[in-house]
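Here is what each chain is made of, one letter per residue.
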Amino acid sequence: MLDWSMEQREHPVAIKLPGGKLISDGKTVTKDFGKLNKYEVTQEGSKVAVIGLGARGMGVYMRHLSRFPDQVRLIAVADIDPERVRLAREQYGIEEAMCFPSGEALLAGPKLADCVLICSQDADHVRQAVQATKKGYDILLEKPISPSLKECLELLRVSKQY
């Protein structure tokens, strides 16, 4: 799983990538990470796909990740709003073939990235996270996981299986 630490500024300051490597903008990071020096630990070339291009997906996560082009490559996006997909493609240089009309469409084909950020509507979270888990993605799943305990337990079961 991809882990994020957030400051009150509402944007990530440290990102834990697959394999446990961290990238940071040098700010103090709370929770488990302690204080990091700028670019203290990095993983080069992690490929990231983003599902849901709203305030969190494009407005926070993509904006922040784009600050680290040597460590993270934004390679695929999906949203049900074609205008948001167009904006992400233009603003972040995503290839048109890597732009999808839904999270399900992005996840239907072969694995495209190392990790996927699921920032879609709450009702879609578990369905998309189950698909992504079965494909072998590391996942950042925006909260809430689901309002349904049954769905949360299903995601837990699938994550243990894969």
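Residues numbered from 1 in each chain as written. Predicted model: local features only at pLDDT ≥ 70, side-chain atom pairs only at ≥ 80, totals over all residues. Heavy atoms only, no water.

**Student:** Looking at this structure, how should I read the packing of helix α4 (residues 125-135) against helix α5 (residues 149-161)?
**Tutor:** A packed helix pair is summarised by two numbers, namely the angle formed by the two axes and the spacing between the axes. For the pair α4 and α5, the least separation of the axes is 10 Å and the interaxial angle reads 5°. The angle between the axes of α4 and α5 places the two elements in the roughly parallel class. Each of V126, A129, V130, T133 and K134 in α4 lies in contact with α5, whose residues at this interface are E151, L155, V158 and S159. Its residues assigned to classes, the contact of α4 with α5 comprises five nonpolar, two polar and two charged. (Axes fitted to C-alpha atoms, helices over the stretch in contact; angles between N-to-C directions. Helix = DSSP H or I, 4+ residues; strand = E, 2+ residues; numbered from the N terminus. Parallel < 35°, antiparallel > 145°, perpendicular 65-115°, else oblique. Contact = heavy atoms within 4.5 Å. Nonpolar A, V, L, I, M, F, W, Y, C, P; charged D, E, K, R; others polar.)

**Student:** Just checking my understanding: could you explain the sheet that holds strand β4 (residues 46-51) for this structure?
**Tutor:** Two orientations exist for strands paired in a sheet by backbone hydrogen bonds: parallel and antiparallel. Spatially, the five strands line up as an open sheet ordered β6-β5-β4-β7-β8, and their pairing is parallel. The sheet terminates laterally at β6 (99-100) and β8 (138-141), the two strands that pair on one side only. As judged from the two bridges shared by strand β5 (residues 72-78) and β6, these two strands associate in the parallel manner. Residue A78 lies in a different strand from β6, and its bridge partner there is F100. (Pairing = 2+ DSSP bridges.)

**Student:** Before we go on, may I ask you to explain the confidence of the model for the chain in this structure?
**Tutor:** Predicted coordinates in regions of low pLDDT should not be interpreted in detail. When pLDDT is averaged along the chain, the result is 80; 73% of the residues meet or exceed 70. Ranking the elements of the chain by mean pLDDT puts strand β1 (residues 3-6) last, at 41, and β6 first, at 98. Segment residues 1-13 is flagged for pLDDT under 50; beyond a separation of four residues in sequence, or across chains, it makes 54 contacts in the model. pLDDT under 50 marks residues 26-43. Its contacts with residues more than four places away, or in other chains, come to 46 contacts. (pLDDT = per-residue confidence, 0-100.)

**Student:** Before we go on, may I ask you to explain the pairing of β8 in this structure?
**Tutor:** Regular strands place their side chains on alternate faces of the sheet. In the sheet, strand β7 (residues 115-118) pairs with β8 via four bridges, with the strands oriented parallel. Opposite L117, over in β8, you have L140 as the bridge partner. Between the parallel elements β7 and β8, the chain passes through α4 in a crossover that is right-handed. (Right-handed = clockwise from strand over helix to strand, strands pointing away.)

**Student:** I tried to follow helix α2 (residues 82-92) on my own but got confused; where do I start?
**Tutor:** Every α-helical turn comprises 3.6 residues, leaving residues that sit three or four positions apart pointing alike. For α2, the complete set of buried residues consists of V85, A88 and Y92. One side of α2 carries all its buried residues, which in axial view fall inside an arc of 65°. Residues of α2 that are exposed and angled more than 90 degrees away from the buried face: P82 and Q91. Where α2 is buried, its residues meet α1 (57-65), β5 and β6. (Buried < 20%, exposed > 50% of the residue type's maximum accessible area, 1.4 Å probe, protein only. Arc of directions from axis to C-beta.)

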